[in-house]
Amino acid sequence: MPLSSPAKLSTAATTTTLLLLLFLTTTTTTSQESDPESDCTNKWIHIRHLPSQFNLDLLKNCSQYPLFDNFCKYLPNHGLGQKTHNNSHSWYRTDPSMLELIFHRRMLEYSCLTPDPNLANAIYIPYFAGMDSLKYLFGPEVNSSFLHGLDLYHYLVHLDTPSIWQKNFGHDHFLVMSRSAWDFSQPLSNDPPIFGTSFLELPEFYNVTALTFEARAYPWQERAIPYPTSFHPPNLAFLDSWVNRVRKSRRSALMLFAAGGGISANPNIRRSIRLECDNSTGISVNGTGYNKLCDFVDCSNGICEHDPIRFMGPMLQASFCLQPPGDTPTRRSTFDGIIAGCIPVFFEELTAKKQYGWHLPEEKYEEFSVLIPKEDVVFKGLRILDVLMSIPRGEVRRMREKVIEMMPRIMYRKHGSSLGLRSKKDAFDIAVEGTLQRIKSRIEELAAQ
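The paragraphs below set out a description of the structure included in this document. Worth saying up front: this structure is predicted, and the values here are computed from it rather than measured.

## What to know about the packing of aromatic side chains
At step 1: A full pass over the atoms with the stated rule returns 20 aromatic pairs.
At step 2: For the pair Tyr 124 and Phe 174, a centre-to-centre distance of 5.4 Å together with 40° between the ring planes defines the contact as tilted. Placement of the pair is Tyr 124 in strand 2 (residues 122–124) and Phe 174 in strand 3 (residues 173–180), with a sequence separation of 50 residues. Side by side, Tyr 124 and Phe 174 carry an identical accessibility label, which is buried.
At step 3: Aromatic side chains Phe 257 and Phe 296 sit 5.9 Å apart centroid to centroid with 40° between the ring planes, which places their arrangement in the tilted category. Residue Phe 257 is found in strand 6 (residues 253–259), and its partner Phe 296 is found in strand 7 (residues 292–298); the two are separated by 39 residues along the sequence.
At step 4: Classification of Phe 257 as buried rests on a relative accessible area of 0%.

Okay, here's the thing in structure tokens:
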């Protein structure tokens, strides 16, 4: 039951249409072709039934948090958002906070669902944690953020079938949280509370695997998965067409910085990048093969977030995309750049290498990215231009091909996609595969104790 995606959709129509999707039974796979080669050994997943207060009702409340945003306009197309234009097949105005909805829609067509929790290798909790957190972060319950998740735990353990949880005490359960883990990590002892909720600090959820945009370095239960970009192809032809465009695009700029910030008087990596980019206009490009050394796309005040046209064109024309940390280490722009075949330049390992090991294996980073320690740039005067211009052009081409090879692994293809496209694992497939293996290893470890 795919949703329509007109360029403009009223809030009421959007919400009413979206409500229908959660009434789909968990065994329905939509009208897509079934995969005859599917082997479900060690891959069975059971979707727990939750009352509507934990998912459906949260969509109804999409306009109730003006301090955050009215996210009703991001709900069409099962969370992909509105199309960038009426004739678009692959490009949407996707908001990252809709990943819980996107992931849920994809789970409904997962090929190895079982209605019997006793046969499942993993249990998916269809709880929209990020959406539910808004009442604690921006709403009336800001001083009660330590309560976030307790009603869910009470339902899972006491009101629903208790044996599902008690079988492995939550070790086989997982959920998606479409915010940084730091937003759910407020210590329970904080009084008065600071920004964030205490969901991941609750001992009740220590055993559950949480898939977040950005994980902390130490807890067992968290794992980072890619931010959704605006690119969601429905079939292999559209993916191949985009890859061909990326491969043929003329890279007329050496490096690109697409971001806001960088205007602080205090030393920081974004400020150093802005200054170097501004100063690069006086440097000769003769013999470099580029028309400009640094391009800057101003994304201040969130103007780029739902408008990929602003930054994808410049990314297609740049060899390297600079990915400095901001308020937190990770950036959606990392994945936008990979979709554009733009080689990422990182300034600390927490931005990607120590986060997305399932999707971007750590041992591969030297093949598709550059690491320049931010301290060397900010405090030791190292010029980013010097580092990038020292890389031979042949090596740049090889790195770009590796980036293109990584592209399917970090994109979320459209729900109901073709069988041909489903032969390539995307971000959802890899996240589920990693979660299943993580849960299997954990349960085996506990059994051996």
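Alright, that's what it looks like, and here's the rest.
## Observations concerning helix 4 (residues 129–137)
At step 1: Across the 9 residues that make up helix 4, a large majority, 9, are buried.
At step 2: Looking only at helix 4, the buried set comprises Ala 129, Gly 130, Met 131, Asp 132, Ser 133, Leu 134, Lys 135, Tyr 136 and Leu 137.

## Side note on the packing of helix 3 (residues 99–107) against helix 16 (residues 427–448)
At step 1: Contact geometry of helix 3 with helix 16 gives a least axis separation of 11 Å together with a crossing angle of 80°. Classified by the angle their axes make, helix 3 and helix 16 are roughly perpendicular. Of the residues in helix 16, those touching helix 3 at Phe 103, Arg 106 and Met 107 are Phe 428, Asp 429, Ala 431 and Val 432.
At step 2: Class assignment for the residues of the contact of helix 3 with helix 16 results in 5 nonpolar, no polar and 2 charged.

## Section: the pattern of salt bridges
Pairing is possible between side chains of opposite charge, provided their charged atoms come close.
At step 1: Following the criterion strictly, the structure yields 28 salt bridges and no others.
At step 2: Note that Lys 374 is salt-bridged to Glu 348, the shortest N-O span being 2.5 Å. Note that Lys 374 is positioned in helix 12 (residues 374–378) and Glu 348 in the loop between strand 9 (343–346) and helix 11 (365–368), a separation of 26 residues in sequence.
At step 3: Exposure remark for Glu 348: the relative accessible area of 16% places this residue in the buried category.
At step 4: Residue Arg 398 is joined to Glu 395 by a salt bridge in which the shortest nitrogen-to-oxygen separation is 2.9 Å. One end of the pair, Arg 398, and the other, Glu 395, are both in helix 14 (residues 393–410), 3 residues apart, so they sit about a helical turn from each other.
At step 5: A relative accessible area of 55% means that Arg 398 is categorised as exposed.
At step 6: On the basis of relative accessibility, which here comes to 26%, the residue Glu 395 falls in the partly exposed class.
At step 7: Each member of the salt-bridge network shares a partner with another, and the members are Arg 105, Arg 106, Glu 109, Arg 413, Asp 426 and Asp 429.

## Let's talk about the layout of surface pockets
One water molecule sets the probe size; rolling that probe over the atoms shows where empty space is left.
At step 1: Its volume calculated, the largest pocket comes out at about 1,200 Å³.
At step 2: As for the largest pocket, its lining consists of 36 residues, and the residues nearest its centre are Tyr 227, Glu 305, Asp 327, Thr 330 and Arg 332.
At step 3: Within the residue set of the lining of the largest pocket, elements represented by two or more residues are strand 3, strand 6, helix 9 (309–316) and helix 10 (333–339).
At step 4: The element contributing the most residues to the lining of the largest pocket is strand 3, with 3 residues.

Calculation notes
Residues numbered from 1 in each chain as written. Predicted model: local features only at pLDDT ≥ 70, side-chain atom pairs only at ≥ 80, totals over all residues. Heavy atoms only, no water. Phe/Tyr/Trp six-rings, centres within 6.5 Å; stacked < 30°, edge-to-face > 60°. Helix = DSSP H or I, 4+ residues; strand = E, 2+ residues; numbered from the N terminus. Buried < 20%, exposed > 50% of the residue type's maximum accessible area, 1.4 Å probe, protein only. Axes fitted to C-alpha atoms, helices over the stretch in contact; angles between N-to-C directions. Parallel < 35°, antiparallel > 145°, perpendicular 65-115°, else oblique. Contact = heavy atoms within 4.5 Å. Nonpolar A, V, L, I, M, F, W, Y, C, P; charged D, E, K, R; others polar. Salt bridge = Lys/Arg side-chain N within 4 Å of Asp/Glu carboxyl O. 1 Å grid on protein atoms, 1.4 Å probe; cavity = no way out; pocket = protein on both sides within 12 Å on 5 of 7 lines; lining within 4 Å. Points joined across faces, edges and corners; volume = space filled by probe spheres on them.

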